[in-house]
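Here's the letter readout for the chains.
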Amino acid sequence: MLEGSFLSHLVELRTRMIRILGGLMLGFLPCAFFARELYTLLAQPLLEKLPQGGQMIATDVATPFFVPMQVAMMMAFVITLPHTFYQMWAFVAPGLYSHEKRMALPLVIGSSFLFFCGMAFAYFAALPLVFEFITYFAPEGVAVMTDISKYLSFVLSMFLAFGITFEVPVFVIILVRTGVITIEKLKEIRPYVIVGAFVIAAIITPPDVVSQFMLAVPLCLLYELGIFIAAFMIKKQDQETQSDASTPTQTDPSEQKDIPTKTD
């Protein structure tokens with residue numbers, strides 16, 4: 001029985017993986033058709049900050065083909081992410097309790113939304129300021145020309161850094177709801193979190209003050225947001241528990257037993 005159950009889980013996992021990869025390929029086909037336009041859109045924050053005559057270059061022979069295809073694959077992954085999360089959810093949902101399902105689904109949706117918000121913040125706010133800062137300090141007579149593959153690697157690292165940073169409220173909520181840490185402890189370690197935020201920003205961002213500041217400040221603010229949401233959820237849960245405890249339980253008359261009375 002155990003072996004059969006294990007094999008059925010493996011078959012289910014394979015089916016979900018095939019569907020995820022199939023959805024990714026279906027999303028990649030239209031993105032590959034517009035691969036050049038997608039890369040131009042991705043490179044817009046840098047192109048707008050380049051000095052007169054500045055441009056991007058490709059140093060390898062196959063780079064002009066493979067880099068736009070990588071951007072198309074990244075875009076396909078982003079647009080098919082809801083489908084990917086749904087397949088993951090469909091695989092693990094049968095093994096969850098009802099209260100775990102109520103908690104897991106909002107967290108999955110919220111984490112996806114926050115990750116997209118982090119990428120959008122990096123694209124529209126952080127990258128333009130970073131490139132303006134970098135190009136401003138370029139020495140006189142130095143032509144700023146970045147290789148397209150290195151630019152893609154830099155942007156992806158920034159997207160990943162800001163996407164994970166915007167997941168901080170989700171991490172805080174999970175830690176509190178699972179009992180790993182309390183709200184009071186989170187407030188107590190706040191100064192250490194602020195220092196750690198700037199240390200992390202200095203490690204994973206480029207060596208400039210702008211990008212470090214743009215990452216550390218949202219991290220601190222999102223940490224506070226996570227504390228607020230976790231405290232609100234705990235307060236709401238306590239109110240529901242008290243309401244359930246104060247509600248009298250009604251007994252079905254059919255279940256009541258006749259109590260014999262003593263007669264003289």
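Look a little higher up for the structure.
Residues numbered from 1 in each chain as written. Predicted model: local features only at pLDDT ≥ 70, side-chain atom pairs only at ≥ 80, totals over all residues. Heavy atoms only, no water.

Draft legend 1. How the structure looks around the layout of surface pockets. Volume-wise, the second largest pocket comes out at about 300 Å³. Along the walls of the second largest pocket sit 13 residues, with L42, M75, M119, Y123 and F159 positioned nearest its centre. Breaking the lining of the second largest pocket down by element, the ones donating at least two residues are helix 2 (35-42), helix 4 (63-79) and helix 6 (98-136). The element contributing the most residues to the lining of the second largest pocket is helix 6, with five residues. Residues belonging to the lining of the second largest pocket are distributed by class as follows: 13 nonpolar, no polar and no charged. (1 Å grid on protein atoms, 1.4 Å probe; cavity = no way out; pocket = protein on both sides within 12 Å on 5 of 7 lines; lining within 4 Å. Points joined across faces, edges and corners; volume = space filled by probe spheres on them. Helix = DSSP H or I, 4+ residues; strand = E, 2+ residues; numbered from the N terminus. Nonpolar A, V, L, I, M, F, W, Y, C, P; charged D, E, K, R; others polar.)

Draft legend 2. Broad picture of a nonpolar patch on the surface. Residues F6, L7, L10, L13 and M17 make up a contiguous nonpolar surface patch of roughly 460 Å² in combined accessible area. Topologically, L10 is positioned in helix 1 (residues 2-33). With relative accessibility at 40%, the residue L10 sits in the partly exposed group. (Patch = residues over 30% accessible without salt bridge, like charges linked within 9 Å, V, L, I, M, F, W, Y side chains within 5 Å. Areas by Shrake-Rupley, 256 points an atom, 1.4 Å probe, with all protein chains shown as cover. Salt bridge = Lys/Arg side-chain N within 4 Å of Asp/Glu carboxyl O. Buried < 20%, exposed > 50% of the residue type's maximum accessible area, 1.4 Å probe, protein only.)

Draft legend 3. Spotlight on the nonpolar core. In terms of nonpolar packing, the biggest core is built from 54 residues, with Y39, L42, Y151, F159, F162 and L186 touching the most fellow members. With residues up to four places along the chain from it excluded, the contact list for F159 reads L42, F115, M119, A122, Y123 and L127. (Core = buried A, V, L, I, M, F, W, Y, C linked by side-chain atoms within 4.5 Å. Contact = heavy atoms within 4.5 Å.)

Draft legend 4. Geometry of the pattern of salt bridges. Scanning all chains against the criterion turns up four salt bridges. When the shortest N-O distance is used, the salt bridge between E12 and R16 registers 2.8 Å. In this pair, E12 and R16 are both assigned in helix 1, four residues apart and thus about one turn of the helix distant. Classification of R16 by relative accessible area gives buried; the value is 14%. Taking the shortest distance from any N to any O, the salt bridge between K185 and E188 comes out at 3.8 Å. On the criterion of helical spacing, the pair formed by K185 and E188 is a turn pair, its members being three residues apart in helix 9 (residues 183-188).

Draft legend 5. Main features of helix 5 (residues 81-92). A rise of 1.5 Å per residue sets the reference length of helix 5, with its 12 residues, at 16 Å; its end C-alpha atoms lie 17 Å apart and thus fit the reference within 8%. Within helix 5, the full set of buried residues consists of L81, T84, Q87, W89 and A90. (Expected span 1.5 Å × (residues − 1).)

Draft legend 6. Highlighting the packing of aromatic side chains. In total, this model carries eight aromatic pairs according to the counting rule given. Arranged with centres 6.4 Å apart and planes meeting at 75°, the rings of Y39 and Y151 form a pair that is edge-to-face. A residue pair is termed long-range when its members are at least 10 positions apart, and Y39 in helix 2 and Y151 in helix 7 (residues 148-165) qualify at 112 residues. Overall, Y39 belongs to the buried group, its relative accessible area being 9%. Ring centres of F121 and F166 lie 5.7 Å apart, and the angle between their planes is 45°; on these two criteria the pair is classed as tilted. One end of the pair, F121, is in helix 6; the other, F166, is in the loop between helix 7 and helix 8 (168-177), with 45 residues separating them in the sequence. Relative accessible area serves as the criterion here: at 26%, F121 is assigned to the partly exposed category. Residue class for F166 comes out buried when judged on its relative accessible area of 11%. By way of ring pairs, the aromatic residues Y39, F131, Y151 and F154 are connected into one cluster. (Phe/Tyr/Trp six-rings, centres within 6.5 Å; stacked < 30°, edge-to-face > 60°.)

None of this, on its own, says anything about what the molecule does.
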